[in-house]
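Chain residues, written in single-letter form:
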Amino acid sequence: MRALARVQEWYGPHSSTSAEWPVDALMMAKGETTISVVLPARDEESTVGDIITTIRGDLIERTPLVDEILVVDSNSTDATAERAREAGARVVAQNDVLPHLPPLTGKGEALWKGLAASKGDIVVYIDSDLRSFGAHYVTGLVGPLLVDTGIHFVKATYERPYVAADGSVQRGDGGRVTELVARPLLNMFWPELAGFAQPLGGEYAARREVLERLPFVTEYGVEFGLLVDLLQLVGLDAMAQVDLGHRIHTHQPMAALGRMAGQIMQTAWSRLERQGRVLASEPPAHTLLQFGLDNDVALVDVAVAERPPLASLVLEEDLA
Ligand SMILES: O=c1ccn([C@@H]2O[C@H](COP(=O)(O)OP(=O)(O)O[C@H]3O[C@H](CO)[C@@H](O)[C@H](O)[C@H]3O)[C@@H](O)[C@H]2O)c(=O)[nH]1
Ligand SMILES: O=C(O)[C@H](O)COP(=O)(O)O
């Protein structure tokens, strides 16, 4: 656990640790508020089941804090959907949600479809590749929302080790795109968000009414886009941060992280342009030339698309 006292002033006024949100106290604060946990999952058969089993056992059966567990199967080719169903989640296929819309791809699309397919007043997003998950991830994220009506969004922070293939652990070396791309960009252009220590982390919770008013960038631009757009929509004072201890997940190879970095830079550019802070004489290129170990070369597309706020879609469909 971080020495929170030392970093509290940087984490912002609404910072806490998961230990400050015991489940019994949350049950008293919950009242009629309903809570959905939404897990995007692409080929996560080895981890998704254990995460759901923990949520179901601790936060539905033992203490009924959570009302719904929804897995969005993001075009998996493995047994993700079966493992999730066996463990007790409702599973929807990403492309089966709002099927009249042409499908888009990636994690942002999974999260937007998860919002559309879930019902809770509070939506908690949790990645499905976590190897360090505990029920305190969910209780920590919903705590500030249940007790303070002025808080609309809660983002996790944690220590992120790098776990090498041989099992050796390097403290502080995880989150490479976070440290090399996302945090420098935020510090340059949205310094109010610099206190979010893990801006790319996949664990956060928000009120449905707020999420439905936000556009969702597709692919891996989604977390960066949500943070910047939330700052504009609700302001920093409605955004909280909770320390969940540590986070271990499945590391992607460097080339995949290069593509992720490209998508995040495209997202940052789109927000700078939208906020009138850069004037583009031509749009940024969205191809990335990548070199492999054996001089193999690939030209990949790192463009991101965007889903409109869900509330605007519902309104359009109501009017049609
Ligand atoms: O097309 C996709 C890609 C990923 N995922 C799921 O999204 C989660 C996170 O994806 P992952 O590939 O594990 O991302 P990371 O390498 O862990 O990237 C980090 O940085 C990303 C960019 O901000 C965030 O989206 C991630 O949550 C965060 O963990 C996992 O459950 C995936 O199965 C999908 O559902 N669909
Ligand atoms: O947040 C990040 O930077 C990416 O998830 C990569 O994380 P990793 O370096 O721990 O694989």
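Residues numbered from 1 in each chain as written. Chains lettered and ligands numbered in written order. Predicted model: local features only at pLDDT ≥ 70, side-chain atom pairs only at ≥ 80, totals over all residues. Heavy atoms only, no water.

Visitor: How do you make sense of the overall build of the chain when you look at a structure like this?
Guide: For the chain, the helix and strand inventory stands at 11 helices and 14 strands. On C-alpha atoms alone, the chain measures out to a radius of gyration of 19 Å, which is about the 20 Å that the 2.2 N^0.38 rule sets for 320 residues. Summarising its shape, the C-alpha atoms of the chain cover approximately 55 × 55 × 40 Å along the three principal directions. When burial is assessed residue by residue, the chain has 53% of its 320 residues classed as buried. Taking the intrachain contacts of the chain between residues at least 6 apart in sequence as the baseline, contacts between residues at least 24 apart amount to 73%. Surface summary for the chain: the accessible area is close to 14600 Å², and the carbon and sulfur share equals 55%. Positive and negative side-chain charges in the chain, numbering 27 and 44 respectively, have mean positions lying 2 Å apart. (Helix = DSSP H or I, 4+ residues; strand = E, 2+ residues; numbered from the N terminus. Rg over C-alpha atoms; globule rule 2.2 N^0.38 Å. Buried < 20%, exposed > 50% of the residue type's maximum accessible area, 1.4 Å probe, protein only. Contact = heavy atoms within 4.5 Å. Areas by Shrake-Rupley, 256 points an atom, 1.4 Å probe, with all protein chains shown as cover. Lys, Arg positive; Asp, Glu negative; His and termini not counted. Charge placed at Lys NZ, Arg CZ, Asp CG, Glu CD.)

Visitor: Where do I start with the sheet that holds strand S3 (residues 68–73) in this structure?
Guide: Through backbone hydrogen bonds, the strands of a sheet pair up, either in parallel or in antiparallel fashion. An order of S1-S11-S6-S9-S5-S2-S3-S4 is seen for the eight strands of this open sheet, with the pairing classed as mixed. Where the open sheet ends on each side, the last strands, each with one partner, are strand S1 (15–17) and strand S4 (90–93). Taking the axes of each pair of neighbouring strands and ignoring which way they run, one obtains an average angle of 25° across the sheet. Looking at chain direction, strand S6 (residues 153–159) and strand S9 (residues 204–207) are connected through three bridges and run antiparallel. Within the sheet, the bridge partner assigned to lysine 155 lies in S9 and is tyrosine 204. Of the strands in this sheet, S1, strand S2 (35–41), strand S5 (122–125), S6, S9 and strand S11 (239–246) are in contact with helix H6 (residues 135–147), which crosses S6 at around 145°. (Pairing = 2+ DSSP bridges. Axes fitted to C-alpha atoms, helices over the stretch in contact; angles between N-to-C directions.)

Visitor: Please explain the site of ligand 1 as it appears in this structure.
Guide: Within the structure, ligand 1 sits among 19 residues, and Glu44, Lys107, Asp127, Tyr220 and Glu223 are positioned closest to it. For ligand 1, an oxygen atom lies 2.9 Å from a polar atom in the backbone of serine 128. Contacts to ligand 1 include glutamine 252, whose side-chain N or O atom sits 2.9 Å from an oxygen atom. For the shell around ligand 1, the elements supplying multiple residues, two or more each, are S2 and helix H5 (106–117). No other element matches H5, which puts three residues into the shell around ligand 1. Residue classes in the shell around ligand 1 are distributed as six nonpolar, six polar and seven charged. (Near = heavy atom within 4 Å. Polar contact = N/O pair within 3.5 Å; in protein donor to acceptor, adjacent residues only side chain to side chain. Nonpolar A, V, L, I, M, F, W, Y, C, P; charged D, E, K, R; others polar.)

Visitor: Explanation requested: the environment of aspartate 73 in the structure shown.
Guide: With respect to the helices and strands, aspartate 73 occurs in strand S3. What makes aspartate 73 buried here is its relative accessible area of 13%. Here the alpha-carbon distance between aspartate 73 and proline 40, two residues 33 residues apart in the chain, equals 6.5 Å. The residues touching aspartate 73, leaving out its near neighbours within four places in the chain, are Ala41, Thr80, Ala81, Val91, Val92, Ala93 and Gln94.

Visitor: Explanation requested: the packing of helix H7 (residues 176–189) against helix H10 (residues 254–274) in the structure shown.
Guide: Helix-helix packing: each pair is described by the crossing angle between the helix axes and the interaxial distance. The geometry of H7 relative to H10 is characterised by a closest axis approach of 9 Å and an angle of 15° between their N-to-C directions. When the axes of H7 and H10 are compared, the pair comes out roughly parallel. Our pair here, H7 against H10, has a crossing hand that is right-handed. Here H7 contributes Arg176, Val177, Val181, Leu185 and Phe189 to the contact with H10, which in turn contributes Met254, Leu257, Met260, Ala261, Ile264, Met265, Ala268 and Leu272. (Parallel < 35°, antiparallel > 145°, perpendicular 65-115°, else oblique. Left-handed = near helix turned anticlockwise from the far one by under 90°.)

Visitor: Before we go on, may I ask you to explain H7 in this structure?
Guide: Here H7 is 14 residues long and its end C-alpha atoms lie 20 Å apart, about the 20 Å a rise of 1.5 Å per residue gives. If you look at H7, its biggest bend is around 35°, right at alanine 182, and the proline proline 184 turns up within four residues after that. For H7, the complete set of buried residues consists of Val177, Thr178, Val181, Ala182, Leu185 and Leu186. Of the surrounding secondary structure, the elements contacted by the buried residues of H7 are helix H9 (222–233) and H10. (Expected span 1.5 Å × (residues − 1). Bend = angle between axes of the 7 residues up to and from the residue.)

Visitor: Would you mind going over the site of ligand 2 with me for this structure?
Guide: Taken together, Arg160, Gly174, Gly175, Arg176, Val177, Thr178, Leu200, His249, His251 and Leu257 make up the full set of residues adjacent to ligand 2. Here arginine 160 contributes a side-chain N or O atom positioned 2.9 Å from an oxygen atom of ligand 2. Note that an oxygen atom of ligand 2 is positioned 2.8 Å from one of the side-chain N or O atoms of histidine 251. Contact with the protein chains removes 95% of the 310 Å² of surface that ligand 2 exposes when unbound. Residue contributions to the shell around ligand 2 peak at three residues, all from H7. Taken together, the residues of the shell around ligand 2 break down into three nonpolar, five polar and two charged.

Visitor: Help me understand the UniProt feature "domain: Glycosyltransferase 2-like" (unreviewed entry) in the chain, please; the structure alone is not making it clear to me.
Guide: If you check UniProt for "domain: Glycosyltransferase 2-like" (unreviewed entry), the listed places come out as residues 36–130 in our numbering. Between the C-alpha atoms that bound residues 36–130 the distance is 18 Å, and the span itself is 37% helix and 21% strand. (UniProt positions renumbered as here; feature names shortened; annotations may be inferred.)

Visitor: Can you walk me through the pattern of salt bridges in this structure?
Guide: Should their charged atoms come close, side chains of opposite charge can pair. Counting across every chain of the model gives 16 salt bridges. In this structure, lysine 107 and glutamate 223 form a salt bridge, with 2.6 Å as the shortest nitrogen-oxygen distance. With lysine 107 in helix H5 and glutamate 223 in helix H9, this pair connects stretches of sequence that are 116 residues apart. Here lysine 107 matches glutamate 223 in class, with each residue buried. Notably, a salt bridge pairs glutamate 212 with arginine 208, separated by 3.1 Å at the nearest N-O pair. Through salt bridges with shared partners, one network takes in Lys107, Asp127, Glu203, Glu223 and Arg247. (Salt bridge = Lys/Arg side-chain N within 4 Å of Asp/Glu carboxyl O.)

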